[in-house]
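The chain contents come next:
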Amino acid sequence: MRPLRIVWQRLVDSRGRTCTRCGATHEALELAVAKLKGALAPLGLEPTLEIREVSEAAFKSDPSASNRIWIADRSLEEWLGARSGSSQCCSVCGDSECRTVELGETVFEEIPEELILKAALDAAAQTLTAA
C-alpha cells in the first residue's frame with residue numbers, strides 16, 4: 001500500500017491543552033481518516049495521520065502555524081483553492097489571531113470533515129494518476 005500522508009499541527013500549551021477550534025479539527029481529522037482508509041484501501045492507498053505539536057513560544061511568533069493541515073505535501077488550502085486567514089481565538093491561544101480557512105465567502109475556524117475529505121480525495125486522485 002502506498003501512503004497518503006496527512007500532517008496536522010496545532011498549539012499545545014505546557015499543560016497539554018489545545019483550543020476548542022483545534023480540538024474540533026482533530027475530531028474531524030479522525031473521522032475523515034477512518035472514512036478514507038475504507039475508501040482508499042481498494043485503490044492501494046493508505047492514509048496516515050501525523051500529529052505535530054506547536055510550542056507556545058513558536059505559536060507566539062507565528063500563530064498561523066497552528067491548526068494547519070498538509071495532504072501529500074501540499075497545504076489543505078492549496079488542494080481546495082482556498083486561502084488561509086485569521087480571527088481571534090480563545091482560551092489557550094489568548095488574544096492571538098489564529099488560522100482560519102477561507103473558501104469563497106465562507107470562513108472556517110474549525111476545519112470540517114467535508115473539507116478534509118475533499119482535499120484528501122483530490123490528493124488521492126492525483127497520486128493515482130501520477131503512478
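Residues numbered from 1 in each chain as written. Predicted model: local features only at pLDDT ≥ 70, side-chain atom pairs only at ≥ 80, totals over all residues. Heavy atoms only, no water.

1. Digging into the sheet that holds strand β7 (residues 106-108)
If you walk across this open sheet you meet the 3 strands as β5-β6-β7, and the pairing is antiparallel. In this open sheet, the two strands that pair with only one neighbour each are β5 (83-88) and β7. Each neighbouring strand pair of the sheet contributes to a mean axis angle of 40 degrees, computed without reference to strand direction. As judged from the 6 bridges shared by β5 and strand β6 (residues 97-103), these two strands associate in the antiparallel manner. Considered in β6, the bridge of Gly85 is made with Thr100. (Pairing = 2+ DSSP bridges. Helix = DSSP H or I, 4+ residues; strand = E, 2+ residues; numbered from the N terminus. Axes fitted to C-alpha atoms, helices over the stretch in contact; angles between N-to-C directions.)

2. Comments concerning the sheet that holds strand β4 (residues 74-75)
Across the sheet, which stays open at both edges, the 4 strands sit in the order β2-β1-β3-β4 with mixed pairing between neighbours. Each end of this open sheet is capped by a strand with a single partner; those strands are β2 (45-54) and β4. For strand β1 (residues 2-11) and β2, the ladder comprises 10 bridges, and the chain directions are parallel. Counterpart to Leu11 in the pairing with β2 is Val54. Strand contacts of helix α1 (residues 20-40): β1, β2 and β3 (68-71), with the helix running at about 165 degrees to β2, the strand carrying the most contacts. The strands touched by helix α4 (residues 113-130) within the sheet are β1, β2, β3 and β4, with β1 carrying the most contacts at an inclination of about 145 degrees. (Contact = heavy atoms within 4.5 Å.)

3. Looking at the pairing of β6
Across the 7 residues of β6, 5 count as buried, placing the element largely inside the fold. With 3 bridges joining them, β6 and β7 adopt antiparallel strand pairing. Residue pairing in the sheet places Leu103 in a bridge with Thr106 of β7. Hairpin geometry of β6 and β7 is characterised by an intervening segment of 2 residues between the two adjacent antiparallel strands and by a positive phi of about 65 degrees at Gly104. (Buried < 20%, exposed > 50% of the residue type's maximum accessible area, 1.4 Å probe, protein only.)

4. Re α1
The first and last C-alpha atoms of α1 sit 30 Å apart over 21 residues, in line with the 30 Å expected at 1.5 Å per residue. Residues of α1 that are buried include every one of Arg21, Cys22, Thr25, Ala28, Leu29, Ala32, Val33, Leu36 and Leu40, and no others. Across the axial projection of α1, the buried residues extend over an arc of 145 degrees, all falling on one side. Across α1 from its buried face, at more than 90 degrees, point the exposed residues Thr20, Glu27, Ala34 and Gly38. Looking at the buried side of α1, the elements it contacts are β1, β2, β3, β5, β6 and α4. (Expected span 1.5 Å × (residues − 1). Arc of directions from axis to C-beta.)

5. Describing the pattern of salt bridges
One pass over the full model with this rule turns up 10 salt bridges. Two residues, Arg5 and Asp73, come together in a salt bridge whose shortest N-O distance is 3.5 Å. Highlighted residues: Arg5 in strand β1 and Asp73 in the loop between β3 and β4, separated in sequence by 68 residues. We classify Arg5 as partly exposed; its relative accessible area is 35%. According to the relative accessible area criterion, Asp73 is exposed, its value standing at 66%. In this structure, Arg21 and Glu109 form a salt bridge, with 3.3 Å as the shortest nitrogen-oxygen distance. A residue pair is termed long-range when its members are at least 10 positions apart, and Arg21 in helix α1 and Glu109 in the loop between β7 and α4 qualify at 88 residues. Residue Glu109 is classed as partly exposed on the basis of its relative accessible area of 36%. One network of salt bridges, in which partners are shared, links Arg5, Glu50, Arg52 and Asp73. (Salt bridge = Lys/Arg side-chain N within 4 Å of Asp/Glu carboxyl O.)

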